[in-house]
Amino acid sequence: MTIATIDSSASQPARASLFYDPVIRGVVFQVLLALFIIYLVYSGVTNAANNLARAGIATGFGFLNNRAGFDIGQSLIPYTANSTYRQAFFVGLTNTIFVAAIGIFFATILGFIVGIARLSKNFLVRKVAEVYVETLRNIPLLLQLLFWYKAVLSALPAPRGSIEMFNSSVFLNNRGLIMPHYLAEAGASIFYASIAIGIAVAVVIARWAKKRQMATGQIFPTIRVALGLIIGVPLVVLFVLGVPFTAEYPELSGFNFSGGTTIRPEFMALLLGLSLYTAAFIAEIVRAGILAVSKGQTEAAFSLGLRPNTTMRLVIIPQALRVIIPPLTSQYLNLTKNSSLAIAVGYPDLVSVFSGTVANQTGQAVEVISITMIVYLTLSLLTSAFMNWFNSRVALVER
Amino acid sequence: MTKIILSAVAGAAALTLGAHAASAQTLEAVKAKGYIQCGVSTGLAGFSNTDDAGEWTGLDVDFCRAMAAAIFDDPAAVRFSPLSAVERFTALQSGEIDVLSRNTTWTMSRDTALGLNFVGVTFYDGQGFMVPAELNVDSALQLSGASVCVQSGTTTELNLTDYFSANNMEYNPVVFEGLEEVNAAYNAGRCDVYTTDSSGLYAIRLTLDNPDDHVVLPELISKEPLGPAVRRGDDQWFGIAKWVYYGLVYAEELGISSENLEEMLASENPDVRRALGGDGTFGADMGLENDWLVKIVRHVGNYGEVFERNVGADSPLQIERGLNALYTDGGLQYGMPIR
């Protein structure tokens, strides 16, 4: 009897009133919330559209096909004043990705070096790393950008008083770093091919070496062999072919140097600022990651007879990486987003070109800002997706 | 429909933009808050700049003070928003400011597609070039290959491109959003040439380390009619701004100045009587008091006084009246009749 009563009371309430059914309640509230959000977005959009129309502000994305009519100082893709606003957008986008990618590369290398140096047993090395981190981490990035641009790079001499380097083929002045420009001749494709083959062979050897080490325990000097294949062999090929490149040397003519390749100070300032600033944060992440690996791991490695360098490379860093990667991802995202400060030093990134100049020349702020926001969101999600994939690869596999 | 869906992404930005742009009764809103919010440049000598006491002065500033005088009988009932070239139109469209008085060129696209109404031309200008004297350049046509400093989002940027391509010349643009950054870059020798409206060049030259080391080249490569603008959709406010401008010019035409205002108030000249509110309901018809122009001239002066004080003979800029003289003196300034 008692058991029967309990049974019925356990299933009864659900049937007794739909109002108290947790499942139905959940669905109802979710649908209500969804409807509310849809209404909010709908009313916001129609309100904006109506008001824009009433205020006589042109709307729509047709403007992207119009002639831009302005020049951009640095462009990785073909662009002239006769190009469209859409092409100007792509110039800004590629410039943003370019500076962010190179910035991430340098910040990671420098960050790892400084992070490991902070744990060095050498007093001087440790203190220099500490001063670096504490100084650069605590000064706002904008100030650092302005420092590099105004105090360091603007202080360089004018073109006529350039600092000459490498037998007068490289010049440094307040217009940038001007280097010879190399043009490929016939035979250059063989050189490119030798690099590609070198990389491919190195990958195959690395796989074979790993398999052999797993099976027999014998260690193969993979890194040295790979470097020889990727750098050494193409160098030999280069000289055998008789260097199939002609250099176009920069020459001082008129106002400035003509010919050669110029790295503009705006780019240098932004790259220096972004990489040095982010490296300070990455250094702290690396230090924390290494400290998170139990000291017993080091002691165990030492007791096996591994040397400190090998211990660091094979035991500590792989374990530290799983602590390091998630916060590292957010530093990469920060660096990409911070590149929008480019506007302060005149580097033509997406924000400066598109949501600055294009928005102002067309007056279509709503559309331009929408596109810019989507771009940064997409870049962030892509970076984050890649890092999550990488993280799942290096995550500790428990056996 | 796609337009609407795509603009959906603007989200919060669109919401705020919409909310302000909808208000049509600017005059009532201005009266209720007790001051005019006026958008000016971030600092351009002669047009809008802060003096030693932190007070805004200049031709663009005085236009806003004239509006405040007409509405409140108090030229100080203005708050100034310093805006960069990129920020200015959004600030006006979104209702952040009531009037934009910021050496802005009146162009067709701005007048038709930006939701703005240009009030009039308070300063006729043209774009020019400034270079260091040591370069020994005496014509803009010798500038091929030069690095040119320019402010982004301006008509200047577009004229520059057109001029160099029309003359088959190359150049490297060095573009900044803020005027201060452009000035600093030119001063530091980052570029060989500074280009902007010629009035701006004279103003900026004064702020350089050694003004005498820089020359303004003779070529003017464009027409730059500079004037204030208001938001579209409020005819009454547009009318007030327009007539404050015409009033300033008309007062000069009639010889009414802050010096002789009291005598003029007693004048029997029917033109003067109508202008100063002695006859008719011209002021009341646009929503102000009939003596609106008296208040303007008393506090701010007429157009000629405003010009000479800020950019002309009584200022360090020493700009000639030129095109900005009254039409009776061979210039282009022409006040519409008050009758």
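Residues numbered from 1 in each chain as written. Chains lettered and ligands numbered in written order. Predicted model: local features only at pLDDT ≥ 70, side-chain atom pairs only at ≥ 80, totals over all residues. Heavy atoms only, no water.

- With an unreviewed UniProt entry as reference, chain B is termed Amino acid ABC transporter substrate-binding protein, source organism Georhizobium profundi.
- Recorded in UniProt for chain B, the comment headed Sequence similarities (unreviewed entry) runs: "Belongs to the bacterial solute-binding protein 3 family." (UniProt positions renumbered as here; feature names shortened; annotations may be inferred.)

- Looking at an unreviewed UniProt entry, one finds chain A named Amino acid ABC transporter permease, with Georhizobium profundi as its source organism.
- UniProt annotates chain A under Sequence similarities (unreviewed entry) with the comment "Belongs to the binding-protein-dependent transport system permease family. HisMQ subfamily."

## Re the side chain of B:Asp197
Residues and elements named next belong to chain B.
Alright, step 1. Locating Asp197 in the fold gives a position in strand β11 (residues 193-197).
Alright, step 2. Buried and unpaired, Asp197 has no salt bridge, with Arg88 as the nearest side chain of opposite charge at 7.7 Å.
Alright, step 3. Setting aside its immediate chain neighbours within four residues, Asp197 contacts Thr105, Asp125, Gly126, Gln127, Thr156, Glu224 and Leu226. (Helix = DSSP H or I, 4+ residues; strand = E, 2+ residues; numbered from the N terminus. Buried < 20%, exposed > 50% of the residue type's maximum accessible area, 1.4 Å probe, protein only. Lys, Arg positive; Asp, Glu negative; His and termini not counted. Salt bridge = Lys/Arg side-chain N within 4 Å of Asp/Glu carboxyl O. Contact = heavy atoms within 4.5 Å.)

## A short note on the interface of chain A and chain B
Alright, step 1. Every contact between the two is made by 49 residues of chain A and, on the other side, 54 residues of chain B.
Alright, step 2. For the pair chain A and chain B, the two sides together bury roughly 4000 Å², of which 58% comes from carbon and sulfur.
Alright, step 3. When the buried surface of chain A facing chain B is broken down by residue, A:Arg175, A:Phe255 and A:Asn360 rank first, second and third, together holding 18% of it.
Alright, step 4. Between the two partners, chain A and chain B, sit three salt bridges.
Alright, step 5. One salt bridge connects B:Asp192 with A:Arg175, and the closest N-O pair in it is separated by 2.9 Å. (Buried area = accessible area lost by both parts, 1.4 Å probe.)

## Brief notes about the pattern of salt bridges
Close approach of charged atoms allows side chains with opposite charge to pair.
Alright, step 1. Evaluation of the coordinates by the stated rule reveals 17 salt bridges over all chains.
Alright, step 2. Across the salt bridge formed by B:Asp162 and A:Arg67, the nearest N and O atoms sit 3.8 Å from each other. Pair noted here: B:Asp162 is in helix α7 (residues 155-166) and A:Arg67 is in the loop between α2 (22-54) and α3 (85-117), and the two residues belong to different chains.
Alright, step 3. Residue A:Glu266 pairs with B:Arg190 through a salt bridge whose shortest N-O separation is 2.7 Å. Taken as a pair, A:Glu266 in helix α8 (residues 265-292) and B:Arg190 in the loop between α8 (179-187) and β11 lie in two separate chains rather than in one.
Alright, step 4. We classify A:Glu266 as buried; its relative accessible area is 1%.
Alright, step 5. Look at B:Arg190 and you get buried, because its relative accessible area is 4%.
Alright, step 6. If you follow the salt bridges from partner to partner, you end up with A:Arg118, A:Glu134, A:Arg137, A:Glu284 and A:Arg287 in one network.

## Things to note about the UniProt feature "domain: ABC transmembrane type-1" (unreviewed entry) in chain A
Alright, step 1. Taking the UniProt record as the reference, the feature "domain: ABC transmembrane type-1" (unreviewed entry) is found at residues 93-387 of chain A.
Alright, step 2. Secondary structure content for residues 93-387 of chain A is 70% helix and 9% strand, while the C-alpha to C-alpha distance between its ends is 21 Å.

## Things to note about the packing of aromatic side chains
Alright, step 1. Using the criterion set out here, one finds 26 aromatic pairs over all chains in the structure.
Alright, step 2. Geometrically, the ring pair formed by A:Phe63 and A:Tyr85 is tilted, given 6.2 Å between the ring centres and 55° between the ring planes. Taken as a pair, A:Phe63 in the loop between α2 and α3 and A:Tyr85 in helix α3 lie far apart in primary sequence, 22 residues in all. Of the two residues, A:Phe63 and A:Tyr85, neither departs from the other in class, the shared state being buried.
Alright, step 3. Taken together, a centroid distance of 5.6 Å and an interplanar angle of 75° make the contact between B:Tyr186 and B:Tyr194 edge-to-face. Of the two residues, B:Tyr186 and B:Tyr194, neither departs from the other in class, the shared state being buried.
Alright, step 4. Site record: aromatic cluster; members linked through ring pairs are A:Phe63, A:Phe70, A:Tyr79 and A:Tyr85.
Alright, step 5. The residue whose ring lies beneath B:Arg79 is B:Tyr35, and the NZ or CZ to ring-centre distance is 3.9 Å.
Alright, step 6. We note B:Arg321 situated over the ring of B:Phe307; from NZ or CZ to the ring centre the distance is 5.1 Å. (Phe/Tyr/Trp six-rings, centres within 6.5 Å; stacked < 30°, edge-to-face > 60°. Lys NZ or Arg CZ within 6 Å of the ring centre and 35° of its normal.)

## Focus on the domain arrangement of chain B
Residue and element names in this part refer to chain B.
Alright, step 1. Split by domain assignment, chain B resolves into domain 1 (25-122 + 227-329) and domain 2 (125-225).
Alright, step 2. Put simply, the middle of domain 1 and the middle of domain 2, counted by C-alpha atoms, are 29 Å apart.
Alright, step 3. Across the contact, 21 residues belong to domain 1 and 18 residues belong to domain 2.
Alright, step 4. Summed over both partners, the interface of domain 1 with domain 2 buries about 1400 Å², with 61% contributed by carbon and sulfur atoms.
Alright, step 5. Residue composition of the side of domain 1 that touches domain 2, grouped by class: 10 nonpolar, seven polar and four charged. (Domains from an automatic or database assignment. Nonpolar A, V, L, I, M, F, W, Y, C, P; charged D, E, K, R; others polar.)

## Digging into the UniProt feature "transmembrane region" (unreviewed entry) in chain A
All names here are of chain A.
Alright, step 1. The sites that UniProt annotates as "transmembrane region" (unreviewed entry) are residues 23-42, 97-119, 178-205, 225-247, 267-286 and 368-390.
Alright, step 2. The span residues 23-42 shows a helical share of 100% and a strand share of 0%, and its end C-alpha atoms are spaced 29 Å apart.
Alright, step 3. Strand forms 13% of residues 225-247 and helix 70%; the C-alpha atoms that close the span are 31 Å apart.

## Side note on the nonpolar core
Alright, step 1. Residues B:Phe63, B:Met67, B:Trp237 and B:Ile256 are the most contacted members of the largest nonpolar core, which totals 123 residues.
Alright, step 2. The dominant element in this core, judged by the number of residues it contributes, is α8(A), at 15 residues.
Alright, step 3. When neighbours within four sequence positions are excluded, B:Phe63 is seen to be in contact with B:Val99, B:Ser101, B:Val119, B:Thr122, B:Pro228, B:Ala241, B:Val244, B:Tyr245 and B:Leu248.
Alright, step 4. With 23 residues, the next largest nonpolar core counts A:Phe61, A:Tyr79, A:Phe354 and A:Val358 among its residues. (Core = buried A, V, L, I, M, F, W, Y, C linked by side-chain atoms within 4.5 Å.)

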